[in-house]
Amino acid sequence: MKQQSITSLPVSPEAERRNRMIKYSMAMGIRVVCIVLMLFVQGWWLVLCALGAILLPYFAVVVANVKIAPSGTDVLRPGGVELYRCDDEAK
């Protein structure tokens, strides 16, 4: 059986959740900036900011829900425990 190394283990659920929340929060922060900029810009900049405010929530959810896969292989489950009997009569 192949030995596992600590770098091939998957990311803990807490760390993965934290990373997803950071990505989502950054995208929503950019969206808020786009909404505020819509009050001050004109022309094509207004259209660009409006598209950012409309499309960013979709992309934020998609990017935040991408699962982080480790670069190594899957974690192998150890085999079952086998019991061996020592036959004293065979000696």
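Here, the structure is the one placed above.
Residues numbered from 1 in each chain as written. Predicted model: local features only at pLDDT ≥ 70, side-chain atom pairs only at ≥ 80, totals over all residues. Heavy atoms only, no water.

**Brief notes about the overall build of the chain**
Each helix and strand counted, the chain has two helices and zero strands in total. Looking at the chain as a whole, 12% of its 91 residues qualify as buried. At a minimum sequence separation of 6, the contacts of the chain that also span at least 24 residues come to 75%. For the chain, the accessible area works out to roughly 8,200 Å², and carbon and sulfur atoms hold 65% of it. (Helix = DSSP H or I, 4+ residues; strand = E, 2+ residues; numbered from the N terminus. Buried < 20%, exposed > 50% of the residue type's maximum accessible area, 1.4 Å probe, protein only. Contact = heavy atoms within 4.5 Å. Areas by Shrake-Rupley, 256 points an atom, 1.4 Å probe, with all protein chains shown as cover.)

**A look at a nonpolar patch on the surface**
On the surface, W44, V47, L51, I54, L55, Y58, F59 and V62 cluster together into a nonpolar patch covering about 890 Å² of accessible area. Here F59 lies in helix α2 (residues 44–64). (Patch = residues over 30% accessible without salt bridge, like charges linked within 9 Å, V, L, I, M, F, W, Y side chains within 5 Å. Salt bridge = Lys/Arg side-chain N within 4 Å of Asp/Glu carboxyl O.)

**A short note on helix α1 (residues 13–37)**
Think of an α-helix as 3.6 residues a turn; residues three or four steps apart then line up on the same face. Between its first and last C-alpha atoms α1 spans 36 Å; for 25 residues at 1.5 Å apiece the expected length is 36 Å, and the two agree. Of all the positions in α1, only E16, A27, M28 and C34 are classed as buried. Buried residues belonging to α1 abut α2. (Expected span 1.5 Å × (residues − 1).)

**A closer look at the packing of α1 against α2**
Two elements in contact, α1 and α2, have axes whose closest approach is 8 Å; the angle formed by their N-to-C orientations is 175°. Taken together, α1 and α2 sit at an angle that is classed as roughly antiparallel. Only C49, G52, A53, L56, P57, A60, V61, V63 and A64 of α2 make contact with α1, whose side of the interface consists of R20, K23, Y24, A27, M28, I30, R31, C34, I35 and L37. For the contact of α1 with α2, the per-class residue count stands at 15 nonpolar, one polar and three charged. (Axes fitted to C-alpha atoms, helices over the stretch in contact; angles between N-to-C directions. Parallel < 35°, antiparallel > 145°, perpendicular 65-115°, else oblique. Nonpolar A, V, L, I, M, F, W, Y, C, P; charged D, E, K, R; others polar.)

**Quick word on the packing of aromatic side chains**
Aromatic rings considered in pairs are described by the distance between their centres and by the relative angle of their planes. For the structure on display, the rule yields one aromatic pair. Centre to centre, the rings of Y58 and F59 are 5.3 Å apart; their planes meet at 70°, and the pair counts as edge-to-face. Residue Y58 is classed as exposed on the basis of its relative accessible area of 56%. (Phe/Tyr/Trp six-rings, centres within 6.5 Å; stacked < 30°, edge-to-face > 60°.)

**Some thoughts on α2**
Along its 21 residues, α2 runs 29 Å from first to last C-alpha, staying within 8% of the 30 Å computed at 1.5 Å per residue. Helix geometry: α2 is bent most strongly at L55, by close to 40°, with proline P57 lying one to four residues after it. Among all positions of α2, only C49, A50, G52, A53, A60 and A64 are buried. Elements in contact with the buried residues of α2: α1. (Bend = angle between axes of the 7 residues up to and from the residue.)

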